[in-house]
Amino acid sequence: MKPVINYINSLLFPLLPETSCFALKRGLLRLAGAKIGKNVRICSSVHIMGCGELVIGDDVWIGHEVFRSTTSRIEIGSYVDIAPMVYLGTGTHRIDIDGLHSAGESISRNIKIEDGAWLCVRSTLLPGVVIGKNSVVAAGAVVTKDVPDYALMAGVPAKQIGWVCECGEVLHENTTCSKCGRKYETNDEKLYEVTEGK
C-alpha cells in the first residue's frame, strides 16, 4: 500500500460515519493500493498500518477497531466476517538472546483468510497463519498456526475444539449434524462429508 495515501486515509476514516459510506471507504483504500472486492463493508474505526499488500474478496465485513498491520501481505477471501477489535499482524521479531533487545531482527509472514471464515471479537492472528474455509475463530483466541477448513478454534493459543457443518451448526464430537443431517468423517485433521453409497 502507498504509505502517504494510507496515512491520509487514517485521518479521513475517523471523520466518516462508522457503519456507512462503505463505497467511499473502498475507494479510498483502492487509491492507497489495496485490492478490494464488491460489497466490502469496513467500519471507520479500522486501523490499517504498514506498506504491505491488502487484498479483500467480495462481501466482507470488517468491524469496529480492527487493527491490521503488515509489511508483507494480508489476503482476505470472500464472505469473511471480522468482528470488532480483531488483530491481524504479519510482523514479528527473531529472539536475540545476545543483543541489548530481546526483539531482534524483524521478519514478516503473510496472513491468508479463506472464504467464509469468521473471526470473532478480539481474536488475534499471528504472522504466517492461514485460516481455512468456513472456519470459526472464537472470541479472544490467539491463532499461532494454520487452521483447517471448517474448524472451530478457541483459546490461547488457539486449539481446535470442534468442527462446523456447511449449514453453520457446530459439530463438536458427533460428526453428524443435528440441524441438517449431513454426515462427516475426519482424518488427517480434515473434515470430509460422507455421501450415501460411498
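Residues numbered from 1 in each chain as written. Predicted model: local features only at pLDDT ≥ 70, side-chain atom pairs only at ≥ 80, totals over all residues. Heavy atoms only, no water.

**Considering the nonpolar core**
This is how it is decided: Throughout this description, the term nonpolar core refers to a set of buried Ala, Val, Leu, Ile, Met, Phe, Trp, Tyr and Cys residues connected via side-chain atoms within 4.5 Å. Only protein chains enter the area calculation, which uses a 1.4 Å probe; residues under 20% of their type maximum are buried, those over 50% are exposed, and those in between are partly exposed. Residue contacts follow a heavy-atom distance rule, with two residues in contact if any of their heavy atoms lie within 4.5 Å.
With 44 residues, the main nonpolar core has I82, I113 and I131 as its most contacted residues. When near neighbours in sequence (up to four residues on either side) are disregarded, I113 contacts E75, I76, G77, V80, I82, L88, L119, L125 and I131.

**Notes on the pattern of salt bridges**
Inclusion rule: Should a side-chain nitrogen of Lys or Arg be within 4 Å of a carboxyl oxygen of Asp or Glu, the pair is scored as a salt bridge. A run of DSSP states H or I qualifies as a helix once it reaches four residues; a run of E qualifies as a strand once it reaches two. Both are numbered from the N-terminal end.
Summed over the entire model, instances satisfying the criterion amount to six salt bridges. Notably, a salt bridge pairs E75 with R73, separated by 3.2 Å at the nearest N-O pair. A relative accessible area of 24% means that R73 is categorised as partly exposed. Here R182 and E193 are joined by a salt bridge, their closest N and O atoms 3.6 Å apart. Remark: E193 occurs in strand β21 (residues 190–194) and R182 occurs in the loop between β19 (159–163) and β20 (183–187); sequence separation between them is 11 residues. Look at R182 and you get partly exposed, because its relative accessible area is 30%. Looking at E193, the relative accessible area reads 42%, which means it is partly exposed. When salt bridges with common partners are traced through the structure, they connect E53, R73 and E75 into a single cluster.

**Regarding the state of the cysteines**
A covalent bond between the sulfur atoms of two cysteines is what we call a disulfide. This is how the line gets drawn: Disulfides are defined as cysteine sulfur pairs within 2.5 Å.
Throughout the structure, instances matching the rule amount to zero disulfides. Note on C120: no disulfide assigned, nearest cysteine sulfur contributed by C43 at a separation of 15 Å. Note on C120: relative accessible area 10%, which makes it buried.

**Here's the deal with helix α2 (residues 22–31)**
Note the cut-off: The directions considered for the arc are those from the helix axis to the C-beta atoms.
Of all the positions in α2, only F22, K25, R26, L28 and L29 are classed as buried. One side of α2 carries all its buried residues, which in axial view fall inside an arc of 165°. Exposed residues lying more than 90 degrees from the buried face of α2 are A23 and L31. Residues of α2 that are buried make contact with α1 (3–12), β1 (35–36), β2 (41–42), β3 (47–49) and β5 (61–62). One or two residues past the end of α2 sits G33, with phi positive at roughly 105°.

**Structural notes on the sheet that holds strand β6 (residues 67–69)**
For clarity, the threshold we go by: Strands qualify as paired when DSSP identifies two bridges or more between them.
The strand order across the open sheet built from five strands is β3-β6-β9-β14-β17, with neighbouring strands paired in parallel fashion. Across the chains shown, the open sheet's two edge strands, defined by having one partner strand only, are β3 and β17 (142–143). Note: strand β9 (residues 87–89) against strand β14 (residues 124–125), two bridges, orientation parallel. Following the sheet pairing, Y87 is matched in β14 by T124.

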